[in-house]
Protein chains: 2
Amino acid sequence: MENTPLSHTEQNYIKAIFKVQELTRAEAVATNDIAERLQTQPATVTDMIKRLAEKKIVTYKKYYGVRLTAKGEKIALDIIRKHRLWEVFLVSKLHFKWDEVHVIAEQLEHIHSDELIARLDDFLGHPKFDPHGDAIPDKHGNMSHSNAVPLNTMGKKQSGVFCGVANHEDRFLQYLDSLDLHLGATIYIESVNAYDASCKVKINNTHSEFFSPQIASCILVKPLYGK
Amino acid sequence: MENTPLSHTEQNYIKAIFKVQELTRAEAVATNDIAERLQTQPATVTDMIKRLAEKKIVTYKKYYGVRLTAKGEKIALDIIRKHRLWEVFLVSKLHFKWDEVHVIAEQLEHIHSDELIARLDDFLGHPKFDPHGDAIPDKHGNMSHSNAVPLNTMGKKQSGVFCGVANHEDRFLQYLDSLDLHLGATIYIESVNAYDASCKVKINNTHSEFFSPQIASCILVKPLYGK
DNA sequence: TTCATTTTTTAGACCTGTCTAAAAATTTGT
DNA sequence: ACAAATTTTTAGACAGGTCTAAAAAATGAA
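Per chain, residues are indexed from 1 in the order of the written sequence. Working convention: letters from A go to chains and numbers from 1 go to ligands, in the order in which they are written. For this predicted model, a pLDDT threshold of at least 70 governs which residues receive local features, and a threshold of 80 or more governs which side-chain atom pairs are given and counted, while totals over whole chains, interfaces and linings are taken from all residues.

**Notes on the overall build of chain A**
Here's step 1: Labels follow the DSSP assignment, with helices taken as runs of H or I lasting at least four residues and strands as runs of E lasting at least two, numbered in each case from the N terminus. In terms of regular secondary structure, chain A is built from 8 helices and 8 strands.
Here's step 2: By its C-alpha atoms, chain A is 60 × 40 × 30 Å across when sized along the principal axes.
Here's step 3: Note on burial: count the other C-beta atoms lying within 10 Å of the residue's C-beta; 20 or more is buried, 12 or fewer is exposed, in between is partly exposed, and C-beta positions come from the backbone. Looking at chain A as a whole, 31% of its 227 residues qualify as buried.
Here's step 4: Of all intrachain contacts in chain A linking residues separated by at least 6 positions in sequence, the fraction that spans at least 24 positions is 55%. Contact between two residues is assigned when their C-beta atoms, built from the backbone, lie within 7 Å.

Put into C-alpha cells, the structure is as follows:
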C-alpha cells in the first residue's frame, strides 16, 4: 500500500493506455497500439506493463492485453485534469494560441502537488473545458460531457455553437484560426452537397466557408434549435 | 556543439555547484560539498562531474575540484530565473505563502520552454525580486543587486526596509510571518544590547520585537537615512 | 486444419544515475 | 616530514527505461 510517486515515464504510459482504451473501446489494449502511440518498441511496452501490473495500475494477461484498473483510471484522469488546467492557464493567462500549448502542458502535467492544482483551478475560475473544448475532469475524476456532435451530422439550415475539435493537430487548429473560427462561434449550415456531404457554412453570420466532410467531422458543435 | 537538453538531474547538479560556488567563494568547489548539498554520495558526484566536464559545463581537475564554465553559469542562472519567477507566480497569483513555494518551484524550474518563461515574466510584470527578496536574473543572466545589509550590522535608532532573508528555512519564514514581518516592512532599531548584540526593534511603527544576533543576521534590510 | 503471418514476449545488452567498498591522493598534526 | 585522518576517485553492482534479435503465441487464409 506504499505509494512511491509515479515516474514521469510511468505516467506517460498510463495516459497512453487510457487514450488507447478510450479510442478503441475494446476489452483490452494491445501492446503494439501503446508502442505506436508512445513511439517506442513493443518490447519496451511489455516491460513497463509488467511493472504497472505489479503496482495494480493495470491488469495484464500475456498475449491478450492490458486494461487500467479503477486506480489506474483515476491516475489517468488526474493527469488529464492537470494537463487541461495548465492548457487553460497557458491560453487564458499567458495568451498562447491553442496550437502552442500541448507540448508545454505535457511537461506541466507531471508536476506533483495537489495543492498547486487546487489553487490553479481556483485561479482559473474552475473551468469545465480546456482551450480545445475538451472536458476537464474534476478532482474526483468526473467530467461534464457536452452534447456536442460533429458538424457533418447536422443538416442544412441548422446552426450550432462551435465547442470542440476531434483533431488536435497543430495544422488543423491553425487552419481554423485562419478562418476566424474560434470556440463559441456560431456556425450556420447554408447547404450540404448531396454527393459528397461537403458543406457551406456561415460563421458568426459574417463570412462563409466550405468544409470537406473530413474537416466537418472534426468540428464539434452544440446544436441550436429554434430560430 | 549539439545540445542535448539537460536532464533534470544534471540541472540539479549545476544549480548545486553554483550555490556552493557562491557560498564558499573559493577557486574550486569540493566534491563533498556538492554531495552534502544534494544529499548524495561523493562517488556519485564524481561520476556526474565527469559527464558535466565532457559537456563543457564545468572545468574539473581530479582531487582539486570543479568550477562552472561561463556556459555552466549561464545555465545555472537560467534555472534560478525560472525558479524565482515561478515562486513569484505561486505567491502573487496563487496565494501560496512564502514558506510553501520552494518545493513546487523546484519542479517547475525544470520545464523547458523559453517562450513560457518570457510570457510568465510578462504576466507577472517583470518582477526583479522573488517572494524572499532574492533577485531574479533577467534572460541574459544579469540581476539587480539590492544594497541590502543584515539587520545586525545596523546601529541603534537606525531604520531600514525589510527586503530579504539570509535563511530560507520554512520554520524561519513562518516565524517572521508570526511576527507580521513581511517584505517591505519598516524596521526601526530601538536598542542594541552591547554585550551580545541582540536588538529590540519596532516593526512598521506598530509593535516591538526582540531579535537574537543570529536572527538579526538573517534579516536583510535596505537602510533608510534621514527621517 | 495446418502453415504463414503478425503480434507479443523473452533474452541480452546499453545508458543514466545511483550505491558501497576499497584504493589513491591530499591535507593535517605533531 | 611523516604517519594519520580526510577527501576524492575507482571499481563493481544494481534499478529504471530503453533497444535489437530471436523465440513463442495467436491469428488468419487456403
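From this point, things continue past the structure.
**Here we look at the relation of the copies chain B and chain A**
Here's step 1: A residue counts toward the fit only if its pLDDT is at least 70 in both copies, and the copies are then superposed by least squares on the C-alpha atoms of those residues. When chain B is brought onto chain A, the operation consists of a screw motion whose angular component is 180 degrees and whose axial shift is 0.0 Å, with 0.1 Å RMSD remaining. The symmetry that links the two subunits is that of a two-fold axis. The C-alpha atom lying nearest the rotation axis in chain B is that of Leu 108 of chain B; the distance is 3.8 Å.
Here's step 2: Taken together, the interface assignments show that 100% of the residues at the interface of chain B recur at the interface of chain A, consistent with an identical surface on both copies.

**Brief notes about the packing of helix H2 (residues 31–38) of chain A against helix H3 (residues 42–54) of chain A**
Residue and element names in this part refer to chain A.
Here's step 1: In contact at an axis separation of 8 Å, H2 and H3 are set at 110 degrees when each is read in the N-to-C sense. As summarised for this structure, H2 and H3 are arranged roughly perpendicular, according to the angle between their axes. Taking contact as the criterion, the partners of Thr 31, Asn 32, Ile 34 and Ala 35 in H2 are, on H3, Pro 42, Val 45 and Thr 46.
Here's step 2: For the contact of H2 with H3, the per-class residue count stands at 4 nonpolar, 3 polar and no charged. Fitted lines through C-alpha atoms give the axes, limited to the stretch in contact for helices. The angle between two N-to-C directions lies from 0 to 180 degrees. Each angle is binned into one of four classes, with values under 35 degrees roughly parallel, values over 145 roughly antiparallel, values of 65 to 115 roughly perpendicular, and all other values oblique. Each residue gets one of three labels, nonpolar for Ala, Val, Leu, Ile, Met, Phe, Trp, Tyr, Cys and Pro, charged for Asp, Glu, Lys and Arg, and polar for the others, Gly among them.

**Some points on the protein's contact with DNA strand C**
Here's step 1: Taken together, 19 residues surround DNA strand C, and among them Ala 30, Asn 32 and Ala 43 of chain A together with Ser 7 and Ala 43 of chain B come closest.
Here's step 2: At the level of elements, H2 and H3 of chain A together with helix H1 (8–24) and helix H3 (42–54) of chain B are the ones that each hand at least two residues to the surface near DNA strand C.
Here's step 3: Its residues assigned to classes, the surface near DNA strand C shows 7 nonpolar, 8 polar and 4 charged. In this analysis, residues qualify as near a molecule or strand once their C-beta atom, positioned from backbone atoms, comes within 6 Å of it.

**Quick look at the sheet that holds strand S5 (residues 186–192) of chain A**
All names here are of chain A.
Here's step 1: Here we have 6 strands laid out as an open sheet, ordered S3-S8-S4-S5-S6-S7, and antiparallel in their pairing. Sheet topology places strand S3 (149–150) and strand S7 (207–211) at the edges, where each strand pairs with a single neighbour.
Here's step 2: With 5 bridges joining them, S5 and strand S6 (residues 199–203) adopt antiparallel strand pairing. Following the sheet pairing, Tyr 188 is matched in S6 by Lys 202. Strands are treated as partners if at least two bridges between them are detected by DSSP.

**Here we look at the domain arrangement of chain A**
Here's step 1: Here chain A is partitioned into domain 1 (8–68) and domain 2 (149–224).
Here's step 2: The start and end points of each domain follow an automatic or database-based domain assignment. On a C-alpha basis, the centres of domain 1 of chain A and domain 2 of chain A stand 34 Å from each other.

**A closer look at the interface of chain B and chain A**
Here's step 1: At the junction of the two partners, chain B supplies 13 residues and chain A supplies 13 residues.
Here's step 2: Of all elements in the fold, only helix H5 (102–108) and helix H6 (114–124) of chain B reach the threshold of two or more residues within the side of chain B that touches chain A.
Here's step 3: When its residues are assigned to classes, the side of chain B that touches chain A shows 7 nonpolar, 4 polar and 2 charged.

**Topic: the protein's contact with DNA strand D**
Here's step 1: Lining the immediate environment of DNA strand D, one finds 20 residues, of which Ser 7 and Ala 43 of chain A together with Ala 30, Asn 32 and Ala 43 of chain B sit closest.
Here's step 2: Elements represented by at least two residues in the surface near DNA strand D include exactly helix H1 (8–24) and H3 of chain A together with helix H2 (31–38) and H3 of chain B.
Here's step 3: Here the surface near DNA strand D gets 5 residues from one element, more than from any other, and that element is H3 of chain A.
Here's step 4: A breakdown of the residues in the surface near DNA strand D according to their chemical character gives 7 nonpolar, 9 polar and 4 charged.

**What to know about the pairing of strand S4 (residues 159–165) of chain B**
All names here are of chain B.
Here's step 1: For S4 and strand S5 (residues 186–192), the ladder comprises 3 bridges, and the chain directions are antiparallel. In the strand pairing of S5, Val 161 is matched with Thr 186.
Here's step 2: As paired strands, S4 and strand S8 (residues 219–224) are joined by 6 bridges and run antiparallel to one another. Within S8, the position partnered with Phe 162 by the bridge is Val 221.

**Side note on the environment of Asp 177 of chain B**
Residue and element names in this part refer to chain B.
Here's step 1: Its place among the elements puts Asp 177 in helix H7 (residues 170–178).
Here's step 2: Residue classification places Asp 177 among the partly exposed positions, given that 13 C-beta atoms sit within 10 Å.
Here's step 3: Residues Asp 177 and Lys 97, spaced 80 residues apart in sequence, show a C-alpha to C-alpha distance of 9.3 Å.

**Comments concerning the sheet that holds strand S7 (residues 207–211) of chain B**
Strand pairing in a sheet relies on backbone hydrogen bonds. The paired strands run either parallel or antiparallel.
Here's step 1: Here 6 strands make up an open sheet; going across it, the order is S3-S8-S4-S5-S6-S7 (chain B) and the pairing antiparallel. Edge positions in the sheet fall to strand S3 (149–150) and S7 of chain B, since each has one partner strand and no second.

**So, the nonpolar core**
Here's step 1: Think of a nonpolar core as buried Ala, Val, Leu, Ile, Met, Phe, Trp, Tyr and Cys residues, each tied to the set through C-beta atoms within 7 Å. One finds Leu 90 of chain A together with Leu 90 of chain B to be the most contacted residues of the largest nonpolar core, which totals 32 residues.
Here's step 2: Of all the elements in the fold, those that place two or more residues in this core are helix H4 (70–93), helix H5 (102–108), helix H6 (114–124) and helix H7 (170–178) of chain A together with helix H4 (70–93), H5, H6 and H7 of chain B.

**A look at the confidence of the model for chain A**
Here's step 1: This prediction gives chain A a mean pLDDT of 95; 98% of its residues lie at or above 70.
Here's step 2: In the predicted assembly, ipTM is 0.92 and pTM is 0.94. pLDDT expresses, on a scale from 0 to 100, how confident the predictor is about each individual residue.

**Digging into the environment of Gly 125 of chain B**
Residues and elements named next belong to chain B.
Here's step 1: By the element assignment, Gly 125 lies in the loop between H6 and S3.
Here's step 2: Given 9 C-beta atoms within 10 Å, Gly 125 falls into the exposed group.
Here's step 3: Along the backbone, Gly 125 and Ser 146 are 21 residues apart, and their C-alpha atoms lie at a distance of 19 Å.

**Some thoughts on unusual backbone geometry**
Here's step 1: For His 126 of chain A, which is not glycine, the phi dihedral falls at a positive 50 degrees.
Here's step 2: Examined against the element boundaries, His 126 of chain A turns out to sit in the loop between H6 and S3.
Here's step 3: A positive phi angle, close to 50 degrees, is found at Arg 25 of chain B, a residue other than glycine.

**Notes on the environment of Ser 146 of chain A**
Residues and elements named next belong to chain A.
Here's step 1: Counting through the fold element by element, Ser 146 comes out in the loop between H6 and S3.
Here's step 2: Through-space distance from the C-alpha of Ser 146 to that of Phe 129 is 9.5 Å; in sequence the pair is 17 residues apart.
Here's step 3: Aside from chain neighbours lying at most four places away, what touches Ser 146 is Cys 163, Gly 164 and Lys 222.

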